[in-house]
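A structural walkthrough
Single-letter residue listing:
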Protein chains: 2
Amino acid sequence: MDAKIDTSSINITTGPIQGSHKHYVDGPNGMKVAMRQIPLEPSSGEEPVVVYDASGPYTDPNTEIDINKGLEKLRYNWIIARGDVEEYDGRQVKPEDNGKKATVPECPAVNYRPLRGKDGDAVSQLAYAKRGIITPEMEYVAIRENEGRLAASDKPRDGEDFGAELPDLVTGEFVRSEIERGRAVLPANINHPECEPMIIGRNFLTKINANIGNSAVTSSVGEEVDKMVWSTRWGADTVMDLSTGNDIHNIREWIIRNSPVPIGTVPMYQALEKVDGIAEDLNWDVFRDTLVEQAEQGVDYWTIHAGLRMAHIPLTANRTTGIVSRGGSIIAKWCLTYHKESFLYEHFEEICDLAAEYDIGLSLGDGLRPGSIADANDAAQFAELETLGELQKVAYAKDVQVFIEGPGHVPMHKIKINMEKQLEECGEAPFYTLGPLTTDIAPGYDHITSAVGAAMIGWYGCAMLCYVTPKEHLGLPNRDDVKVGVVTYKLAAHAADLAKGHPGAQIRDDAVSRARFEFRWRDQFHLSLDPDTAMEYHDETLPAEGAKTSHFCSMCGPKFCSMKISQELKDVAQEGMNEMSEKFVEAGGEIYQKTDAAE
Amino acid sequence: MDAKIDTSSINITTGPIQGSHKHYVDGPNGMKVAMRQIPLEPSSGEEPVVVYDASGPYTDPNTEIDINKGLEKLRYNWIIARGDVEEYDGRQVKPEDNGKKATVPECPAVNYRPLRGKDGDAVSQLAYAKRGIITPEMEYVAIRENEGRLAASDKPRDGEDFGAELPDLVTGEFVRSEIERGRAVLPANINHPECEPMIIGRNFLTKINANIGNSAVTSSVGEEVDKMVWSTRWGADTVMDLSTGNDIHNIREWIIRNSPVPIGTVPMYQALEKVDGIAEDLNWDVFRDTLVEQAEQGVDYWTIHAGLRMAHIPLTANRTTGIVSRGGSIIAKWCLTYHKESFLYEHFEEICDLAAEYDIGLSLGDGLRPGSIADANDAAQFAELETLGELQKVAYAKDVQVFIEGPGHVPMHKIKINMEKQLEECGEAPFYTLGPLTTDIAPGYDHITSAVGAAMIGWYGCAMLCYVTPKEHLGLPNRDDVKVGVVTYKLAAHAADLAKGHPGAQIRDDAVSRARFEFRWRDQFHLSLDPDTAMEYHDETLPAEGAKTSHFCSMCGPKFCSMKISQELKDVAQEGMNEMSEKFVEAGGEIYQKTDAAE
């Protein structure tokens, strides 16, 4: 089998996002932190707006992209310079790693000699943070997180943060201390040096995750790599590869070697493939072997459903939708078959040792998350959350970066208690939720039913929101669905940042609003999360080039435009509202008197 | 000009929504209350689910639809039987009512002889409620609002209602008392007898409004009538006709004669057309004449921006987006031109007298609503809200049903105070908000940025949510946009009802979730807000007929289906989980012990 894929047949999306360009901010020691800059029309007299950018080199036209080679190893020298890792002969790839009908060739960019901590030592960002070391990864993150903060430094703080502690300026030391306290995770497997450092924690920008992955029903390597590129283009901060079926190992290799964002997996999916889908045939050995395989490839975080214990299973018996987590249902089946405690729970310390040796984050999975409004916040869900809290402490003690997964389906009035209980039980470790969906009655629109819950829980303190696409519950998301899911979650995360009072968040809202008020249509498109769709919608009614500079739009037409009238009013106001006011007050009227309405 | 429109050229959407049929519940005196029934697969052993239905006769295949004739006059006999109205020679239609380039013929179903209260008496539902009369309209509404309540009567109440008082069962007397207290509005112009009674108030189901209307840029009568039918098909509880440009009078007539839901307007738009779009040429006479014209046609509620006073205008001078309400900006311009108090404010009592004579609801417009995150909850907005509270008392005293319009653009942490302040200032009159949008950065996705705010403010107590389509800020919504906007707002309203603890709301969620768990795919589609889209999305990946009865879906494939595994677990559980538990506890294990996780 030819190892090289003819990239001409693979349509990887590259080039800048409309109306913006890649922008690198200089950091210490020649570090270049990737951002995106949106220049505004000269008539505005405004500075370009700089925004957070998860898209990696794909949006930089000066970078040559060849997925056979993979991305540049940004972090490699940082990792080596710490002097605490060793190269070794990694595990041999086995046929079962790719399933019986493998068709995808190995990625030529594969790291044949993986790294691990010397003598099994923890080489995690948490281990360094505990020792007081500010790593280059932390420095990178500090610069990245400061989007908008300098520009907003003269603005009063506004927001309700529910106990989050958002600094005026993020420093490397702040990043370190948040990691040390277990309140933030910087996922960064030493075997994924291509990754641009990012951080997950409630005192940072709210992040979003996009799920991709082939399934037994459909599959193609080019599609999967492009789904990763495509989802980061629109803002996915991490990507989970949830592949099942054949070619899991090789597809993952292609994804990781080409991914600028952390890649997460649910190792149980692959482990189950290795035992032909028979849950009863699972055991610790095959699971551990899968962990090593993935650790060496560079997976940045694992979802591990170790919190689902035997004792919890009967609590699900009267549920409306039982156990809806795939990983959870597999482990529950195994437990019931053997009437034994879950091997994930039993071997959790060993999992932690492995994770620490490669710096893999543990995303403690909520195998018992509610799959319906009826099951929200039930005894099963919260019993498991308590166990997750217990495991968080074990992982933290072993220098493993850890975060906690959350629901699912939760009506609005039951969301806040989820966040509060998670913070309390899990030592303020970052929370990472799927939605939650706030109603079950809108299949086809579950990106929206869940965006409501996601925005709210993000506001309350959830650190990362796992996206939901319009196809949730119905089918596999295509390219368009992935984009809609990502943009929907970006807006939910941003709404959360605004409400929390993130110091720099409102900069972009204000820039959009000024552009709108001043009829700078192009600026309005370019500043939006999805410039292509914004322009396309505008042009559907008014396609003429002139309409993009006209002082009205199709909604009201020129006569009725409130913005136009309001502009005129503003001009009048500037010509001397106060003067007129005095005149009229003198004349006995009080028509311009100030009111003292509450702010 | 031929008055009859060849209906064969107009594509009015009729026929049942997929998987359901019209269902009439018997009320007193032969009254038949329209609902929609969704039968489930016989294998489920479940009763059909009955849902609220705003779609009118269009979804009943037994009703002949001819838009030249208009709908049956359901309420006509009720109105006449009260003996307090008189027929009279209405105002003559003038050329300026339709503008200079009128092309739309008059609707043949026009009511040539309109009704009004005898001797100028108030014939409003509020006037009757104050006298202790339970009208047929109130009886109708009571039955309509009981969707799900009987089926849910054995369920414990669950929710956080923020002071709303949701009854276990809605009675005619409850409807009457809510109207009497000014806490609910039943919009029902006596000249719109075709309308099926509905109610707006925070102790009832949360309602949604859809805006339609031609503008100077595009127009066609068939399109506008179908937009109304189309939006009610998917759940719009009221429709606002925001037409500008030519043919306003005639298009409105076609819409009202064919509308099963209340029709709202902003009379200022038409008044401005009559003076060729020159705000300075507006005056009370032309405005009053427009009100009479619309009252006689049967408009059910008017947005009146009477709360925007001269004194408020300077408060907008430093706003980021000034005055974004069209009506607000027009009246502000008029005030500034003449340095005079708004004629709407000055003549408010006369407006009320007219409204009472026809039973037109007043929707007190928020001309100073914020048009950006930057302007949310500012002095201008709240100063106007206080004036709206003052006007609410004037209207209430004159037996006019009144509700209050609200924002707009508001970040999440500033939403609740809007609701609280509105309740406090406006005597608990129903609140009717546009979204609010929780961020400005997602043009093209503002149905979602606003659904977040809408769901939240609905939960806090907002009675009606004005929809936002994906085209908001960008262009005119087409048919697809209208549907997406309506379904998005239906899910937001439902999420609000769930969170408030509406006694019957969860019935439908539970039915969807059981269908999902039992792989009743068709039931899942049929129970959803948009069965067509749900099925289409499913079939995109698995189009085969067999896939609709298979026990898995395309997301995970057969091996990985958590629901399938969970089903098996449930079977195991039913075979004697407790028995096994005892056995293992005896054997020294505690693997099935119960936990006492907090609910």
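Before going into details, it helps to say that this report is about the structure given with it. In this convention, every chain numbers its residues from 1, walking through the sequence in written order. The lettering of chains begins at A and the numbering of ligands begins at 1, in the order of writing. Where totals are concerned, whole chains, interfaces and linings use all residues; where local detail is concerned, this predicted model gives features only for residues with pLDDT of at least 70, and gives and counts side-chain atom pairs only at 80 or more. Excluding hydrogens and water, the side-chain values take into account all heavy atoms of the structure.

Focus: the environment of A:Asn11
Residue and element names in this part refer to chain A. Strands here mean DSSP runs of E at least two residues long; helices mean DSSP runs of H or I at least four residues long; both are numbered from the N terminus. Its place among the elements puts Asn11 in the segment before strand E1 (21-26). Exposure categories follow from relative accessible area, calculated using a 1.4 Å probe and restricted to protein chains: below 20% of the type maximum is buried, above 50% is exposed, and the middle band is partly exposed. The exposed category is assigned to Asn11, whose relative accessible area is 62%. Sequence separation of Asn11 and Arg157 is 146 residues, and the distance between their C-alpha atoms is 44 Å.

As for the sheet that holds strand E2 (residues 32-38) of chain A
All names here are of chain A. With antiparallel pairing, 3 strands are arranged side by side in an open sheet as E1-E2-E3. Each end of this open sheet is capped by a strand with a single partner; those strands are E1 and strand E3 (49-51). Within the sheet, the average angular offset between the axes of one strand and its neighbour, ignoring direction, is 45°. As defined by bridge partners, E2 adjoins E3 across 3 bridges and the pair is classed as antiparallel. The partner of Ile38 across the bridge, within E3, is Val49. Whether two strands pair depends on DSSP finding at least two bridges between them. Lines are fitted to the C-alpha atoms to define the axes, a helix being fitted only along its stretch in contact, and any angle between axes, read from their N-to-C directions, falls within 0 to 180 degrees.

Some thoughts on the layout of surface pockets
Considered as a void within the structure, the largest pocket measures approximately 950 Å³ in volume. Along its surface, the largest pocket is lined by 35 residues, and A:Val484, A:Tyr537, B:Pro470, B:Val484 and B:Tyr537 are the ones closest to its centre. Breaking the lining of the largest pocket down by element, the ones donating at least two residues are helix H15 (446-460), helix H16 (479-500) and helix H19 (531-541) of chain A together with helix H15 (446-460), helix H16 (479-500) and helix H19 (531-541) of chain B. With 5 residues, the top contributor of residues to the lining of the largest pocket is H19(B). The residue inventory of the lining of the largest pocket, partitioned by class, reads 12 nonpolar, 8 polar and 15 charged. Detection works on a 1 Å grid of protein atoms alone, calling trapped sets that fit a 1.4 Å probe cavities and calling open sets with protein on both sides within 12 Å along at least five of seven lines pockets, with lining residues defined by an atom within 4 Å of a point. Grid points are joined across faces, edges and corners, and a volume is the space filled by probe spheres set on the points. Note on residue categories: nonpolar means Ala, Val, Leu, Ile, Met, Phe, Trp, Tyr, Cys or Pro, charged means Asp, Glu, Lys or Arg, and polar means any other residue, Gly included.

Here's the deal with the pairing of strand E11 (residues 301-304) of chain B
Residues and elements named next belong to chain B. Because side chains alternate across E11, one face comprises the buried residues Tyr301 and Thr303, and the other comprises Trp302 and Ile304, equally buried. Sheet topology places E11 next to strand E12 (residues 361-364); 4 bridges connect them, and they run parallel. Across the sheet, residue Trp302 finds its bridge partner in E12, namely Leu362.

Quick word on the interface of chain B and chain A
Between two residues, a contact is recorded if the distance between any of their heavy atoms is within 4.5 Å. Tallying the contact residues gives 129 residues for chain B and 129 residues for chain A. Carbon and sulfur atoms make up 68% of the area that chain B and chain A hide from each other, which totals about 11,200 Å². Basic side-chain nitrogens of Lys or Arg form a salt bridge, by our definition, when they fall within 4 Å of a carboxyl oxygen of Asp or Glu. The interface formed by chain B and chain A contains 4 salt bridges. B:Asp158 is the salt-bridge partner of A:Lys414, the closest N and O atoms lying 2.8 Å from each other. Per-element accounting of the side of chain B that touches chain A gives the leading share, 10 residues, to H15(B). The residue inventory of the side of chain B that touches chain A, partitioned by class, reads 65 nonpolar, 38 polar and 26 charged. Throughout, buried area stands for the accessible area (probe radius 1.4 Å) lost by two parts on being put together, summed over both.

Thoughts on the nonpolar core
A:Leu362 and B:Leu362 are the most contacted members of the largest nonpolar core, which totals 281 residues. Not counting residues up to four positions away in its chain, the partners in contact with B:Leu362 are B:Trp302, B:Ile304, B:Phe348, B:Ile351, B:Cys352, B:Ala355, B:Val400, B:Gln401, B:Val402 and B:Phe403. We call a set of buried Ala, Val, Leu, Ile, Met, Phe, Trp, Tyr and Cys residues a nonpolar core when their side-chain atoms join them within 4.5 Å.

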